[in-house]
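Each chain, letter by letter, is given below.
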Number of protein chains: 2
Amino acid sequence: MEKRYIGIDLGGTNIKAGVVTETGSIVSKASVATGSGPHQVVERMIHAAQQAVAEGHLQMRDIESVGIASPGPLSSEQGIVIRSANLPGWHNVPVRDMISQALNRPAFLENDAKSAAYGEFTAGAGADEKITNFILITLGTGVGGGIIYHGRLIRGVSDSAAEIGHMIVNPDGEVCGCGQRGCLELYASASRTGKYAQHLLAIAPSRSSSLRALLEAGVSIGSREVAEHAKMGDELADEVWDRACRYLALACVNAARWLDPQMLALAGGMAGAGDFLLERVKKHFATLNWKMTETKMEIVLATLGNDAGMIGAAALARDAHQQR
Amino acid sequence: MEKRYIGIDLGGTNIKAGVVTETGSIVSKASVATGSGPHQVVERMIHAAQQAVAEGHLQMRDIESVGIASPGPLSSEQGIVIRSANLPGWHNVPVRDMISQALNRPAFLENDAKSAAYGEFTAGAGADEKITNFILITLGTGVGGGIIYHGRLIRGVSDSAAEIGHMIVNPDGEVCGCGQRGCLELYASASRTGKYAQHLLAIAPSRSSSLRALLEAGVSIGSREVAEHAKMGDELADEVWDRACRYLALACVNAARWLDPQMLALAGGMAGAGDFLLERVKKHFATLNWKMTETKMEIVLATLGNDAGMIGAAALARDAHQQR
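Residues numbered from 1 in each chain as written. Chains lettered and ligands numbered in written order. Predicted model: local features only at pLDDT ≥ 70, side-chain atom pairs only at ≥ 80, totals over all residues. Heavy atoms only, no water.

The next subject is the interface of chain A and chain B. The interface is formed by 51 residues belonging to chain A together with 51 residues belonging to chain B. Counting the surface lost from both chain A and chain B, the interface buries some 4,300 Å², and carbon and sulfur atoms represent 61% of this. Linking chain A with chain B are two salt bridges, by the criterion used here. The salt bridge partner of Asp172 of chain A is Arg246 of chain B, with a shortest N-O separation of 3.6 Å. Counting every contact that joins chain A to chain B gives 30 residue pairs in polar contact (both at pLDDT 80 or more). Listed by contribution, the elements that provide at least two residues to the side of chain A that touches chain B are strand 9 (143-149), strand 10 (152-153) and helix 8 (235-259) of chain A. Here the residues of the side of chain A that touches chain B sort into 27 nonpolar, twelve polar and twelve charged. (Contact = heavy atoms within 4.5 Å. Buried area = accessible area lost by both parts, 1.4 Å probe. Salt bridge = Lys/Arg side-chain N within 4 Å of Asp/Glu carboxyl O. Polar contact = N/O pair within 3.5 Å; in protein donor to acceptor, adjacent residues only side chain to side chain. Helix = DSSP H or I, 4+ residues; strand = E, 2+ residues; numbered from the N terminus. Nonpolar A, V, L, I, M, F, W, Y, C, P; charged D, E, K, R; others polar.)

Quick look at the structure:
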């Protein structure tokens, strides 16, 4: 009988919880609205975990331990969410111990993007025993990531490693919410890709684009619309998509230079475009990358979709003894 | 009695060899001219090692094993130097086994900058048991580096991790010898810093600078001259120095984002300027770095000077059993 773990993924809109086997298969899952304020949100996380267990016709005693994926900054060692842009009112919330006590199971807390990276590494795109060094880049509202080296998650000394969205890629670029200039997140997130299209439409009112009709109809332009219209041959949409993919490729080059992993996977909203993202990123990578030696890093799409954080959190709970 | 190891540092001009104790103290050392061609160079490496042992009034049987620091690309696993810009005519030279057989001792091969990083980590700037995650950036003719995570050297899957000089810091910058555009090495190496000063003097013949007299006297302007004249208040020299330090600070920010280490040390020719380098880099770092959380990474000067590679190679030989 395989051992079972709970993975909880705390998002700004929904909380997802799942019972996951030791080999990364989902037994059952549940989803609830996030709510607001630490007290309510933690209550709902507990409820989602209990619901997932019930869905699987299991008891809490069938569960070994619980992994929690949360936005940060947080301290995985202390089990505390320090604060979060997506969770107003949170300040040093001891989420791990609150959940551990309520469920009477050991619990572990990790950053959401790092959890997703560990999920893809153990049960998704990187789930191959030949792959020991792996990087995930998540392209959503922001850009996040995780690094696995020699099979272990790289946390850094203050849980701040792999802040891939805050790599400076353009030293004279615009100011990011983090206080830096020219962060990758400003050029390659799903939300910024949509905004850049809107910007180009606004500054050149006479430029024709199939996206303009959407904008005039009051549709919000996101990365999905940009990708769809670029695929259909719209020049403005293609310019926007191409810029995002070029910056992503630049991040991939720097990833190879820093860490030289076997694989780098792309996930999140932008990755919904599938091969239209992957092939464009690879094309720019081939141009931007050095010619000194062959780069062995394979660039791929992530495979677990929205379950990556939940599966990764469960896998981190499973491997907690070896993780620090 | 402490165990003893040999560290050999293969440079483009000289080969240095030293007998180093298990705690990183140098017992004795020797230096010979590098020579040319794999056969002669390896002969001289062997000779340097024997000379260092003789200098220490020791026998080869007093030595546990031998570490070799070499320019790359190389394969540490196979013990082969694939080729090197500074070693013409080298192609897949099995340096490790040649030296191991000649000295009748186990030998280990590692990249020179990674060896220097391990030297500084174990016996130099990072030699503090509280420091487990450490980055070295070497600022010489090129820019190199090494990363230590959880006490272990990060090699990557093709010995190409920590190629810090080939981080792209300016995507629209000039072309680097490696085939990329805008590599850090083009803006922050000792040699490029001198060349940039010469460039500024050449494009503005009427601009006054105390460096101009040097140039007219046929003196080659390097990073040392730039630092000296900047210290004395020369505006052009200061502009050049400041640009190099700003790009270095940018690399430091990205180092913190990727790996979140406790310490980052600066070494090599540029670091000869001491606090004049360090303080300027720290100043730009404070401006460029994010304001999200406190960055715990301390930026310091390396302390082992030219012995870092030799000491690091010896330490890698000591720790070879735990290194892969």
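So, next bit.
All names here are of chain A. Taken together, the five strands give an open sheet; going across it, the order is 3-2-1-4-7, and neighbouring strands pair in mixed fashion. Looking at the sheet topology across the chains shown, the edges are occupied by strand 3 (26-33) and strand 7 (107-111). Within this sheet the neighbouring strands show an average axis-to-axis angle of 20°, counted without direction. Contacting strand 1 (4-10), strand 4 (63-70) and strand 7, helix 2 (residues 95-103) runs over the sheet at an angle of about 150° to strand 4. Contacts between helix 10 (residues 308-318) and the sheet are confined to strand 1, strand 2 (14-21), strand 3, strand 4 and strand 7, with strand 1 contributing the most and set at about 130° to the helix. (Pairing = 2+ DSSP bridges. Axes fitted to C-alpha atoms, helices over the stretch in contact; angles between N-to-C directions.)

Bringing the relation of the copies chain A and chain B into the picture now. For the pair of chain copies, the relating transformation is a rotation about an axis with a translation along it. With an axial shift of 0.0 Å and an RMSD of 0.0 Å, the rotation relating chain A to chain B amounts to 180°. Both copies of the chain, as the preceding transformation shows, are related through a two-fold rotation axis. Interface overlap between copies is the fraction of interface residues in one copy that are interface residues in the other; for chain A against chain B it reaches 100%, indicating a shared surface. (Least-squares fit on C-alpha atoms with pLDDT ≥ 70 in both.)

As enumerated under the stated definition, the model contains 20 salt bridges over all chains in all. Asp97 of chain A is the salt-bridge partner of Arg96 of chain A, the closest N and O atoms lying 3.1 Å from each other. Note on Asp97 of chain A: relative accessible area 34%, which makes it partly exposed. Note that Asp307 of chain B and Lys29 of chain B form a salt bridge whose closest N and O atoms lie 2.9 Å from each other. With Asp307 of chain B in the loop between strand 12 (298-301) and helix 10 (308-318) and Lys29 of chain B in strand 3 (residues 26-33), this residue pair connects regions lying 278 residues apart in the sequence. Assessed through its relative accessible area of 42%, Lys29 of chain B is described here as partly exposed. A cluster of three or more residues bridged by salt bridges with shared partners is formed by Arg207, Glu235 and Glu239 of chain A. (Buried < 20%, exposed > 50% of the residue type's maximum accessible area, 1.4 Å probe, protein only.)

Under the definition given, this model contains eight aromatic pairs over all chains. With a centroid separation of 5.6 Å and 15° between ring planes, the pair formed by Trp241 of chain A and Phe276 of chain A is classed as stacked. Of the two residues, Trp241 of chain A sits in helix 8 while Phe276 of chain A sits in helix 9 (residues 275-288), which places them 35 residues apart along the sequence. Each of the two residues, Trp241 of chain A as well as Phe276 of chain A, counts as buried. A ring pair is formed by Tyr118 of chain B and Phe121 of chain B, whose centres lie 6.1 Å apart and whose planes are at 45°; its orientation type is tilted. Of this pair, Tyr118 of chain B and Phe121 of chain B both sit in helix 3 (residues 112-123), three residues apart, which is roughly one turn of the helix. Feature note: the residues Tyr118, Phe121 and Phe134 of chain A constitute an aromatic cluster, connected by ring pairs. Seen from the ring of Tyr196 of chain A, Arg243 of chain A lies directly overhead, with NZ or CZ sitting 3.5 Å from the centre. The lysine or arginine in question, Arg257 of chain B, covers the ring of Trp290 of chain B, its NZ or CZ lying 3.8 Å from the ring centre. (Phe/Tyr/Trp six-rings, centres within 6.5 Å; stacked < 30°, edge-to-face > 60°. Lys NZ or Arg CZ within 6 Å of the ring centre and 35° of its normal.)

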